[in-house]
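Examining the three-dimensional arrangement
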Amino acid sequence: MSTAETDLRGLAGRMIVRETPQALAEAAAELLSLATESSAAARGAFTIALSGGTSPRLLYETLARPPWRESIPWETWRVYFSDERASPPDDAASNYHMARKTLLDRVPIDPEHVHRMPADSPDLDAAARTYDALLEHDLPRGPGNAPRFDCVLLGLGENGHTASLFPSTPALAVADRWVTRGQADYAPFDRLTLTFPTLNAAALVVFLVTGASKHTALRATAEGTTPASRVHPADGVLVWLLDSPAAGTTANQVSGRDVIPLP
Ligand code: 6PG
């Protein structure tokens, strides 16, 4: 086993590694297509929390192109967000703006089924309570009585944060609410974020991590020293979608069909 593979041996869940970001985006699209099929067959809908930053852009653009644009039953998608910056919805820094430009405006999802996190509100605590109530209304309850998403997409920061759960911030300790305010260590500093109880109640959690700059954060996460280390779905599947530079290994043969139990 290479040093890099040893580095990541502590990561919980399944690992899907592909050589390039585009090959990884295709594997991620297949995974989400299978998860949609499974959830839609069981409940007629697929609830997903989208992540922000730059890593998911290629995935969203891939989903908005053939074959996925035609094959995914977009009418079943119910879209939420894992976190959001304190930026207006038409601001380039907004995760909602990025998702709209790369995916939501390019596929036939009913706008009524897209739920932006209002992190540009002047009262972030009230905004967190509003989104919290939305999740309680829209989603079934999962482990810890938290709202249960069919899928939560997450990224990984170089300091090991995920969503807007940054090291040494109060958000890490929130155990009784589903959404809270976050504090980033780069602008936009103010955030809203799903909390660990919500992440860990999901049926499927997918980390999408690309680039050699993320290997150190992955190793630290495998060692249990980052906020991302605390993501362990209590009754769900955890998948790490990594490109070879991030993983420090060559591609493997694991695919979405190996990790999504179809009905
Ligand atoms: C955000 C994201 C954040 C992101 C990581 C990785 O609002 O920025 O939700 O958690 O996933 O910071 O960001 P990159 O994909 O840009 O490296």
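Residues numbered from 1 in each chain as written. Predicted model: local features only at pLDDT ≥ 70, side-chain atom pairs only at ≥ 80, totals over all residues. Heavy atoms only, no water.

Bringing the environment of Leu 11 into the picture now. Within the element layout of this structure, Leu 11 appears in the loop between α1 (3–7) and β1 (14–18). C-alpha of Leu 11 to C-alpha of Thr 162: the two residues are 151 residues apart in sequence and 15 Å apart in space. In contact with Leu 11, not counting residues within four places along its chain, are Leu 218, Thr 221, Ala 222 and Trp 240. (Helix = DSSP H or I, 4+ residues; strand = E, 2+ residues; numbered from the N terminus. Contact = heavy atoms within 4.5 Å.)

Now for helix α6 (residues 124–138). Think of an α-helix as 3.6 residues a turn; residues three or four steps apart then line up on the same face. If you check α6, its first and last C-alpha atoms are 21 Å apart, about what 15 residues at 1.5 Å a residue would give, namely 21 Å. Among the structural elements, β3 (77–81), β6 (179–183) and β7 (190–194) are those in contact with the buried residues of α6. Between the side-chain oxygen of the N-cap and the backbone nitrogen of Asp 125 there are 3.2 Å, and the N-cap of α6 in question is Asp 123. (Expected span 1.5 Å × (residues − 1). Polar contact = N/O pair within 3.5 Å; in protein donor to acceptor, adjacent residues only side chain to side chain.)

Before going further, it helps to spend a moment on the environment of Gly 52. Of note, Gly 52 is situated in the loop between β2 (46–50) and α3 (57–63). The spatial distance from the C-alpha of Gly 52 to the C-alpha of Asp 83 is 7.2 Å, given a sequence separation of 31 residues. When sequence neighbours within four positions are dropped, the list of residues in contact with Gly 52 reads Asp 83, Asn 95 and Met 98.

Bringing the pattern of salt bridges into the picture now. Under the counting rule described, the total for this entry stands at 11 salt bridges. Glu 30 is the salt-bridge partner of Arg 257, the closest N and O atoms lying 3.9 Å from each other. Placement of Arg 257 in helix α10 (residues 256–259) and of Glu 30 in helix α2 (residues 21–43) is noted, with a sequence separation of 227 residues between them. When the shortest N-O distance is used, the salt bridge between Arg 181 and Asp 125 registers 3.1 Å. (Salt bridge = Lys/Arg side-chain N within 4 Å of Asp/Glu carboxyl O.)

Just geometry here; none of it tells us what the structure is for.
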